[in-house]
Amino acid sequence: MTRGHRPGHRGNSGNEAEWRMVKTAVDIEDLVIWTYQAQRADVIEGWSDSREGDWLAGGNRTIEAVLIERGAIGCEIDTSPVPASSRLHPDAEAIHEAVTGLGSRIEIGLLIQHGRAGTRPDWLPAARTRIVPAEMRWSRRHREYRPRIEYDRNRNPVCCPVRIVDHPQKIEAARTVYAIWREALADLAEVFRLHPARLRDHAVAGPRAPARPWEAASAPAGRDAMPRRAYGG
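Residues numbered from 1 in each chain as written. Predicted model: local features only at pLDDT ≥ 70, side-chain atom pairs only at ≥ 80, totals over all residues. Heavy atoms only, no water.

Colleague: Looking at this structure, I do not really get empty space enclosed by the protein. What am I missing?
Modeller: Sizing a probe to match a water molecule and rolling it over the atoms shows the empty space that remains. Per the counting criterion, the structure on display carries one cavity of 30 Å³ or more. If you add up the space inside the largest cavity, you get close to 50 Å³. Every element with two or more residues in the lining of the largest cavity is listed here: helix H1 (28–38), helix H6 (105–117) and helix H7 (168–194). (1 Å grid on protein atoms, 1.4 Å probe; cavity = no way out; pocket = protein on both sides within 12 Å on 5 of 7 lines; lining within 4 Å. Points joined across faces, edges and corners; volume = space filled by probe spheres on them. Helix = DSSP H or I, 4+ residues; strand = E, 2+ residues; numbered from the N terminus.)

Here it is, written out as structure tokens:
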């Protein structure tokens with residue numbers, strides 16, 4: 001975790017006060033995962049699923065799913081920091097305090113949710129808006145599934161009902177959620193860059209998560225294939 005360093009130290013003599021503690025540089029995303037996956041700061045401090053349910057209607061859906069469904073992107077509900085606990089590692093305590101001090105429950109909820117799971121919001125990298133038949137029916141004549149066709153009273157084909165897959169609004173909403181999460185990480189990192197003494201054993205780096213991965217020439221996956229384990233602390 002931390003390492004002691006005494007320039008010019010010789011033998012076992014010397015004052016322990018001469019030790020200069022060297023902090024471990026860790027990406028802010030990994031520190032958030034460590035805080036909520038290994039340290040379980042939200043559970044210790046009472047930031048539970050039931051509390052999130054106050055504004056998520058008590059369901060088990062992810063925060064981004066609810067936001068996309070309700071079109072609630074951009075709304076803000078202010079909250080106050082949760083008191084710190086002596087049972088936490090002091091750095092996890094400081095990170096949790098900073099997270100709960102962010103500007104909205106959306107930001108707080110996204111950081112805690114993905115910190116627990118070790119994931120990132122899914123910005124739908126494989127999504128492509130397209131129009132497809134609304135229904136496929138088995139054709140005994142052709143012995144295959146074919147789009148359902150509607151006919152008039154004279155059995156003349158009128159139309160083929162269709163549906164939109166990966167609507168542009170759905171894609172935009174998912175990317176907005178990712179952007180909110182990424183901006184919250186950056187804001188959190190800035191807090192500890194401005195006030196490094198708030199962390200005892202760590203120095204904050206990053207965030208390494210790209211700000212707008214969909215704009216990259218070769219965009220990485222929007223969601224980690226496997227959730228990452230918490231940083232070992």
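Colleague: What am I meant to see in the nonpolar core here?
Modeller: Side chains of nonpolar character tend, in soluble globular proteins, to be buried together. Among the nonpolar cores identified, the biggest contains 33 residues, and Ile 95, Val 99, Leu 111, Leu 188 and Phe 192 are the most heavily contacted of them. If you list the elements that add at least two residues to this core, you get H1, helix H5 (90–100), H6 and H7. The biggest single contributor to this core is H7, with nine residues. (Core = buried A, V, L, I, M, F, W, Y, C linked by side-chain atoms within 4.5 Å. Buried < 20%, exposed > 50% of the residue type's maximum accessible area, 1.4 Å probe, protein only.)

Colleague: Would you explain the packing of H6 against H7 in this entry?
Modeller: Between two packed helices, both the angle of their axes relative to each other and the distance between the axes serve to describe the pair. Running from N to C, H6 and H7 cross one another at 90°; their axes reach a closest spacing of 9 Å. Considered as vectors, H6 and H7 are oriented roughly perpendicular to each other. In this structure, H6 uses Ile 106, Glu 107, Leu 110, Leu 111 and His 114 to contact H7, whose residues at the interface are Val 177, Ile 180, Trp 181, Ala 184, Leu 185, Asp 187 and Leu 188. Within the contact of H6 with H7, the residues separate by chemical class into nine nonpolar, one polar and two charged. (Axes fitted to C-alpha atoms, helices over the stretch in contact; angles between N-to-C directions. Parallel < 35°, antiparallel > 145°, perpendicular 65-115°, else oblique. Contact = heavy atoms within 4.5 Å. Nonpolar A, V, L, I, M, F, W, Y, C, P; charged D, E, K, R; others polar.)

Colleague: Help me understand the side chain of His 89, please; the structure alone is not making it clear to me.
Modeller: Positionally, His 89 belongs in the loop between helix H4 (63–70) and H5. Judged by its relative accessible area of 16%, His 89 is buried. Among the polar contacts listed, one links the side chain of His 89 to the backbone nitrogen of Asp 91, at a separation of 2.9 Å. (Polar contact = N/O pair within 3.5 Å; in protein donor to acceptor, adjacent residues only side chain to side chain.)

Colleague: Can you help me understand the pattern of salt bridges in this one?
Modeller: When their charged atoms lie close together, side chains carrying opposite charge are able to pair. Inspection of the entire model under this criterion finds 13 salt bridges. A salt bridge links Glu 150 to Arg 148; its shortest N-O distance comes to 3.2 Å. With relative accessibility at 33%, the residue Glu 150 sits in the partly exposed group. What you see here is one network of salt bridges that share partners, running through Glu 135, Arg 137, Arg 148 and Glu 150. (Salt bridge = Lys/Arg side-chain N within 4 Å of Asp/Glu carboxyl O.)

Colleague: Quick question: what am I supposed to make of unusual backbone geometry here?
Modeller: Excluding glycine, residues mostly carry a negative phi; peptide bonds, for their part, are mostly trans. Cis geometry is found at the peptide bond from Gly 206 to Pro 207, where omega equals 15°. By secondary structure assignment, the location of Pro 207 is in the segment after strand E10 (202–205). The residue Asp 166 is not glycine, and still its phi comes out positive at about 55°. Within the fold, Asp 166 resides in the loop between strand E9 (162–165) and H7. Judged by relative accessible area, which is 17%, Asp 166 ranks as buried.

Colleague: Looking at this structure, I do not really get the packing of H1 against H6. What am I missing?
Modeller: One can describe the packing of H1 onto H6 by two numbers: an axis separation of 7 Å at closest approach and a directional angle of 75°. One way to sum up the angle between H1 and H6 is to call them roughly perpendicular. Contact residues: Val 32, Ile 33, Tyr 36 and Gln 37 in H1; Leu 111, Ile 112, His 114, Gly 115, Arg 116 and Ala 117 in H6. When grouped by side-chain class, the residues that make up the contact of H1 with H6 number six nonpolar, three polar and one charged.

Colleague: Mind showing me how you'd approach the packing of aromatic side chains here?
Modeller: For any pair of aromatic rings, the description rests on two quantities: the centre-to-centre distance and the angle between the ring planes. On inspection of all chains with the given rule, the structure shows four aromatic pairs. For the ring pair Trp 138 and Tyr 145, a centre distance of 5.2 Å and an interplane angle of 70° mean the geometry is edge-to-face. What makes Tyr 145 exposed here is its relative accessible area of 55%. Centre to centre, the rings of Tyr 178 and Trp 214 are 5.8 Å apart; their planes meet at 80°, and the pair counts as edge-to-face. Here Trp 214 lies in the segment after E10 and Tyr 178 lies in helix H7, a separation of 36 residues in the sequence. Each member of the pair, Tyr 178 as well as Trp 214, is classed as buried. Taken together, the aromatic side chains of Trp 123, Tyr 178, Trp 181 and Trp 214 make up a single cluster linked through ring pairs. Cation over ring: Arg 155 sits above Tyr 151, and NZ or CZ is 4.1 Å from the ring centre. (Phe/Tyr/Trp six-rings, centres within 6.5 Å; stacked < 30°, edge-to-face > 60°. Lys NZ or Arg CZ within 6 Å of the ring centre and 35° of its normal.)

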